[in-house]
Amino acid sequence: LSVNAKTLKHEEFMNVAHRGASGYAPEHTFFAYDKGHYEIGADYIEVDLQMTKDGHLIALHDEKLDRTTNGTGLVKDHTLAEIKQLDAGSWFNEKYPEYANEAYVGAQVPTLDEVISRYGKNANYYIETKSPDVYPGMEEALLAVLDQHGLLKEGRLKQGHVLVQSFSNESLLKMHQLNSDVPLVQLTSKGFMSSATEATLRQIKTYADGFGPSFQDLTKENTALLKSIGFEIHPYTVNKEEDMRRLNDYGVDGVFTNYPDVYERISNEK
Ligand code: G3P
Ligand code: CA
């Protein structure tokens, strides 16, 4: 992959391992990230952020612990030490017996710091600020972790090693205010495109380099409009081959997928 952020221009389809290669291993564990990054060679590791009671950023999709760990309740009511005791792997074995692996039992919830320590400066991270209204200070905490790892150096940002995405335009605007060099991607919920005006899309382009719609929102026509405005387009979450082919034909720049091996194959078909 060759990326020229801050405009995110790249030369091939961008393959984002959604929550890691989460079709094959428990999402947001090192097992899913290892599979996406080392085994499949996806371009980006996607990391959803939540923040613990004691202010640590962790990789977890939900505000609650219940679905993907053996804990219960809100992340914000638990310390990192408490969350580190939890098993984030067994649920996957129960839900997806065809991909179950004994090794997943007892998998820990990683912190963002641990993720970047493991995969290093040269991996690419596509980081989502989740529920920023629930976690005041999340953007500052994210920048602090990136800074500790040397990822905020201008050259590195320009190489596109870190992209920050959010459904919250407030969170993206805050990131933009704190560090205008970080490439930003505006996520939008399913149905957004049916009511979005060109003026709205152009307003988003004032701070966001990329646009991440629900893949079901995209048509050939609105993809062309988004391209003409200058967005890089990364729809989520594209898991079926026929959808991958169709979206690539529309001209998207990459996708979030739970099956990055499949997208790799589809993107190399022509
Ligand atoms: O970040 C793109 C996609 O992951 C958005 O949906 O709910 O899987 O975070 P979600
Ligand atoms: Ca996400």
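One structure accompanies this document, and this report is about it. Computed from a predicted model, the values in this text were never measured in an experiment.

**Side note on helix α7 (residues 169-178)**
Looking only at α7, the buried set comprises S171, L172 and M175. When α7 is viewed along its axis, its buried side chains cluster within an angular range of 100 degrees and face the same direction. Counted as exposed and oriented over 90 degrees from the buried face of α7: E170 and Q177.

**Here's the deal with the coordination of the calcium ion (ligand 2)**
Listed as protein donors to the calcium ion (ligand 2) are E46 (OE), D48 (OD) and E128 (OE); their distances from the metal cover 2.1 to 2.4 Å. Viewed at the metal, the 6 donor atoms of the calcium ion (ligand 2) are separated by angles of 59 to 159 degrees, and the geometry they form is irregular. Each donor residue of the calcium ion (ligand 2) lies on one chain, and together they are spaced E-x1-D-x79-E. Look at E46 and you get buried, because its relative accessible area is 2%.

**Quick word on the site of ligand 1**
Residues in close proximity to ligand 1 include H18, R19, E46, D48, H61, E128, K130, Q165, F167, L187, Y236 and F256, which together make up its full environment. The side chain of E46 places a nitrogen or oxygen atom 3.0 Å from an oxygen atom of ligand 1. Residue E128 places a side-chain N or O atom 3.0 Å away from an oxygen atom belonging to ligand 1. Alone, ligand 1 offers 280 Å² of accessible surface; in the complex the protein occludes 91% of this. Residue classes in the shell around ligand 1 are distributed as 4 nonpolar, 3 polar and 5 charged.

**Quick look at the pairing of strand β7 (residues 162-166)**
Of all 5 residues in β7, 5 are buried; the element is thus mostly enclosed. Burial of the side chains of β7 extends over both faces: V162, V164 and S166 are buried on one face and L163 and Q165 on the other. When strand β6 (residues 125-129) meets β7, the two strands line up parallel, connected through 4 bridges. If you follow E128 over to β7, its bridge partner there is Q165. Examined bridge by bridge, β7 and strand β8 (residues 184-187) share 3 bridges and lie parallel to one another.

**Observations concerning the packing of helix α9 (residues 198-205) against helix α10 (residues 220-229)**
At a minimum axis distance of 10 Å, the contact between α9 and α10 shows a crossing angle of 40 degrees. Taken together, the axes of α9 and α10 are oblique relative to one another. The two elements α9 and α10 meet at a crossing, and its hand is right-handed. From α9, E198, L201, R202 and K205 reach across to α10, where they touch L225, L226 and I229. Partitioning the contact of α9 with α10 into residue classes produces 4 nonpolar, no polar and 3 charged.

Calculation notes
- Residues numbered from 1 in each chain as written.
- Chains lettered and ligands numbered in written order.
- Predicted model: local features only at pLDDT ≥ 70, side-chain atom pairs only at ≥ 80, totals over all residues.
- Heavy atoms only, no water.
- Buried < 20%, exposed > 50% of the residue type's maximum accessible area, 1.4 Å probe, protein only.
- Helix = DSSP H or I, 4+ residues; strand = E, 2+ residues; numbered from the N terminus.
- Arc of directions from axis to C-beta.
- Donors = N, O, S within 2.8 Å, 3.2 Å for Na, K, Ca; no water.
- Tetrahedral: all angles 85-135°; square planar, octahedral: opposite > 155°, others 65-115°.
- Near = heavy atom within 4 Å.
- Polar contact = N/O pair within 3.5 Å; in protein donor to acceptor, adjacent residues only side chain to side chain.
- Areas by Shrake-Rupley, 256 points an atom, 1.4 Å probe, with all protein chains shown as cover.
- Nonpolar A, V, L, I, M, F, W, Y, C, P; charged D, E, K, R; others polar.
- Pairing = 2+ DSSP bridges.
- Axes fitted to C-alpha atoms, helices over the stretch in contact; angles between N-to-C directions.
- Parallel < 35°, antiparallel > 145°, perpendicular 65-115°, else oblique.
- Left-handed = near helix turned anticlockwise from the far one by under 90°.
- Contact = heavy atoms within 4.5 Å.

Take it as geometry only, folks, not as evidence of what the structure does.
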